[in-house]
Amino acid sequence: MSVAEIPSHVPVERVVDFDIFNPPGVESDYFAAWKTLLDGPGLVWSTANGGHWIGARGDVVRQLWADADRLSSECLAVTPGLGEVMQFIPLQSDGAAHKAYRNPVMKGFAARFITALEPSVKAATRELIAGLREKGSCEFVSQFAEILPLNIFLSLIDVPLEDRPRLRELGVQLTRPDGSMTVEGLKQAADDYLWPFIEKRMQEPGNDLFSRILAEPVRDRTWTVDEARRMCRNLLFGGLDTVAAMIGMVALHLARNPEDQRLLRENPGIIPAAADELMRRYPTVAVSRNAVVDVEIDGVTIQAGDLIYLPSVLHNLDPTCFDTPDAVRFDRGLTPVRHTTMGVGEHRCVGAGLARMEVIMFLREWLAGMPDIRLDPARPVRMKGGNVGACTAIPLMWEVPA
Ligand code: HEM
C-alpha cells in the first residue's frame with residue numbers, strides 16, 4: 001500500500017487511515033470492517049493506495065454512483081494498472097460509446113435467454129450438490145461457490161464439459177489471486193482461453209451468449225476483434241468472483257440461521273423474495289470513478305481528476321437508507337433496483353438477471369437436496385476485502401442422510 005500526500009483541497013477532518021483492500025478486521029467480518037466508516041462524514045479521503053475519496057454514507061454512495069455525466073468509468077480501479085491492462089467493454093467506457101457497446105450486451109442477456117438457461121444452471125447446481133451430500137462436511141468456497149459460476153459461464157458460452165478443468169485453474173486465479181500471476185499475466189491467460197471461442201463465434205455464430213452479442217451491431221457496424229476480446233473478457237471477469245462471493249454469503253447466512261433454512265424449505269414460494277433480500281444484505285462489490293469536473297457534495301469539493309471509491313455495503317447497510325439494514329427480512333418487499341448490490345445508473349450490472357436466477361436456483365436446489373447445514377465450530381470462517389470482497393473459507397457440516 002502506498003501512502004500519499006494529502007492534496008490541499010482535502011479538509012484534514014476528512015482524512016482516514018483506511019485501506020480498502022484490507023479494512024481493519026476484514027478477515028473475520030467484511031461488513032463490520034466497512035461499517036466503521038458509517039460513523040464519520042459522508043465522504044472521506046483515504047491516504048492509502050495513492051490517495052482517493054471513499055463514499056461513506058448511503059445517499060452519497062448512491063448519488064455519486066449514478067452520476068455518469070461528471071464521474072468517468074474509464075479508469076476502472078484503485079488497483080494500480082488494472083484498468084489500463086483490462087480495458088473492459090462496456091465497463092470502462094462512458095457516454096455514447098458506452099451505450100453503443102452496452103445495447104448489444106443487454107440484448108444478449110434478455111430475460112428469455114436467462115429463462116432458457118435455467119435447466120443447465122439447475123443441472124450444474126444439482127451435480128455439485130450430489131458430489132457433496134454424502135461427505136458430511138465441506139469447505140464451501142472452494143468446493144462449491146467458486147465452481148458453480150464457472151460451470152454456468154461455460155454453459156453460457158457453450159463450452160464442452162471436458163474443458164472445465166482448464167478454466168477452473170484460471171478461475172482460481174481470477175477469484176482468489178495468490179500473487180503468482182501479474183494483472184497482465186491474468187489478462188493474457190483469460191484471452192488465450194477465450195480467443196478460440198470468440199473467433200469461432202464471430203465466423204459461425206451459434207446460440208450461445210457470445211454469438212448473440214457479437215451478432216448485434218455496435219451502432220451500425222460489426223464488432224472489431226479488439227472490441228470482441230475486451231467485451232468477452234469483461235463477461236468472464238464480471239461473472240465469476242461476484243457470483244462466487246454472493247453464493248458464499250448466502251450459504252453462510254443459511255448456516256448461521258437454521259430457522260431461515262426451515263422457513264424457506266417449508267415455503268419455497270418465498271425463495272425469490274429471499275434471494276432479493278439476501279443480495280441486498282450481503283453486498284461486496286465496490287467500484288471506482290474518476291471525476292471529470294469538480295463535484296460539490298457533502299460540504300467538500302471532489303476535484304476533476306480525483307479518484308472516488310464507492311462501496312455498495314455503505315449504501316445497503318446504512319440505517320438512513322434502509323430500516324434496520326442488518327436484519328434479514330424476507331418480507332421487506334424491496335425491488336432489486338432499490339439497493340446497489342448490482343450497481344445503479346448506466347453501468348448497472350448487465351448480468352443482474354442471470355445472477356438473481358443463479359441465487360434463486362442455488363437456494364431451491366440446496367435446500368431441497370441437502371440436510372440442515374451448520375458451521376464447523378473447529379474451523380474459522382474467513383473473509384477478504386478487495387473490489388469484490390468475499391468469504392475465503394466457510395467450513396460447513398451436516399448429518400449425512402441415512
Ligand atoms: C451477484 C453477482 C454480481 C454482482 C454482485 C455484480 C455486480 C456488478 C456491479 C456493482 C456492476 C456495476 C459496475 C459499475 O457501476 O462500475 C456490475 C456491472 C457489470 N457486470 Fe455484474 N455483478 C454480478 C454478476 C454478473 C454476471 C453473472 C455477469 C456476466 C456474466 C456480470 C457482468 C457485468 C458487466 C459486463 C458489467 C458492466 C456493465 C456496464 O458497464 O454497463 N455481472 N456488476
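Being a predicted model, the structure only gives us computed values, none of them experimental. (Residues numbered from 1 in each chain as written. Predicted model: local features only at pLDDT ≥ 70, side-chain atom pairs only at ≥ 80, totals over all residues. Heavy atoms only, no water.)

(A) A look at the site of the ligand. Residues in close proximity to the ligand total 26 residues, the closest being His-98, Arg-102, Arg-289, His-347 and Cys-349. Within the side chain of His-347, a nitrogen or oxygen atom sits 2.6 Å from an oxygen atom of the ligand. Taken together, the elements giving at least two residues each to the shell around the ligand come down to helix H4 (95-108), helix H11 (225-239), helix H12 (241-256), strand E6 (286-291) and helix H16 (352-369). The element that contributes the greatest number of residues to the shell around the ligand is H11, accounting for 4 residues. Residues that form the shell around the ligand fall into these classes: 14 nonpolar, 9 polar and 3 charged. (Near = heavy atom within 4 Å. Polar contact = N/O pair within 3.5 Å; in protein donor to acceptor, adjacent residues only side chain to side chain. Helix = DSSP H or I, 4+ residues; strand = E, 2+ residues; numbered from the N terminus. Nonpolar A, V, L, I, M, F, W, Y, C, P; charged D, E, K, R; others polar.)

(B) Representation of the state of the cysteines. Throughout the structure, instances matching the rule amount to 0 disulfides. This cysteine, Cys-391, is not joined by any disulfide, and Cys-138 carries the nearest cysteine sulfur, 13 Å off. (Disulfide = S-S within 2.5 Å.)

(C) Fine view of the side chain of Ser-73. Here Ser-73 lies in the loop between strand E4 (71-72) and helix H3 (82-86). Here Ser-73 falls in the buried class, since its relative accessible area comes to 3%. A polar contact is formed between the side chain of Ser-73 and the side chain of Arg-289, at a distance of 3.4 Å. Among all residues touching Ser-73, those that are not within four sequence positions of it are Leu-91, Gln-92, Ser-93, Asp-94, Arg-289 and His-347. (Buried < 20%, exposed > 50% of the residue type's maximum accessible area, 1.4 Å probe, protein only. Contact = heavy atoms within 4.5 Å.)

(D) Highlighting the sheet that holds strand E5 (residues 137-139). Ordered by their spatial adjacency, 3 strands build an open sheet running E5-E13-E10, and the pairing between neighbours is antiparallel. In the strand order of this sheet, the two ends are held by E5 and strand E10 (374-375), each with one partner. Taken together, the 3 bridges between E5 and strand E13 (residues 395-397) define a ladder with antiparallel strand orientation. Bridge pairing links Glu-139 to Pro-395 in E13. (Pairing = 2+ DSSP bridges.)

(E) How the structure looks around the environment of Arg-262. Structurally, Arg-262 can be placed in helix H13 (residues 258-266). Accessibility expressed as a relative area gives 42% for Arg-262, which makes it partly exposed.

(F) Quick peek at the pairing of strand E12 (residues 390-393). Pairing analysis gives 3 bridges linking strand E11 (residues 382-384) to E12, with the strands arranged antiparallel. Considered in E12, the bridge of Lys-384 is made with Ala-390. Between E11 and E12, which follow one another and run antiparallel, lie 5 residues, and Gly-386 among them has a positive phi close to 130°.

(G) Molecular detail of the packing of H11 against H12. Running from N to C, H11 and H12 cross one another at 15°; their axes reach a closest spacing of 4 Å. The angle between H11 and H12 places the two elements in the roughly parallel class. Two secondary-structure elements touch here, H11 through Phe-237, Gly-238 and Gly-239 and H12 through Asp-241, Thr-242 and Val-243. Looking at side-chain class alone, the contact of H11 with H12 contains 2 nonpolar, 3 polar and 1 charged residues. (Axes fitted to C-alpha atoms, helices over the stretch in contact; angles between N-to-C directions. Parallel < 35°, antiparallel > 145°, perpendicular 65-115°, else oblique.)

(H) Seen up close, unusual backbone geometry. Cis rather than trans, the peptide bond between Ile-89 and Pro-90 has omega equal to 10°. Secondary-structure assignment places Pro-90 in the loop between H3 and H4. One non-glycine residue, Gln-87, lies in positive phi territory at about 50°. Mapping Gln-87 onto the fold places it in the loop between H3 and H4. By relative accessible area, Gln-87 is classed as partly exposed at 34%.

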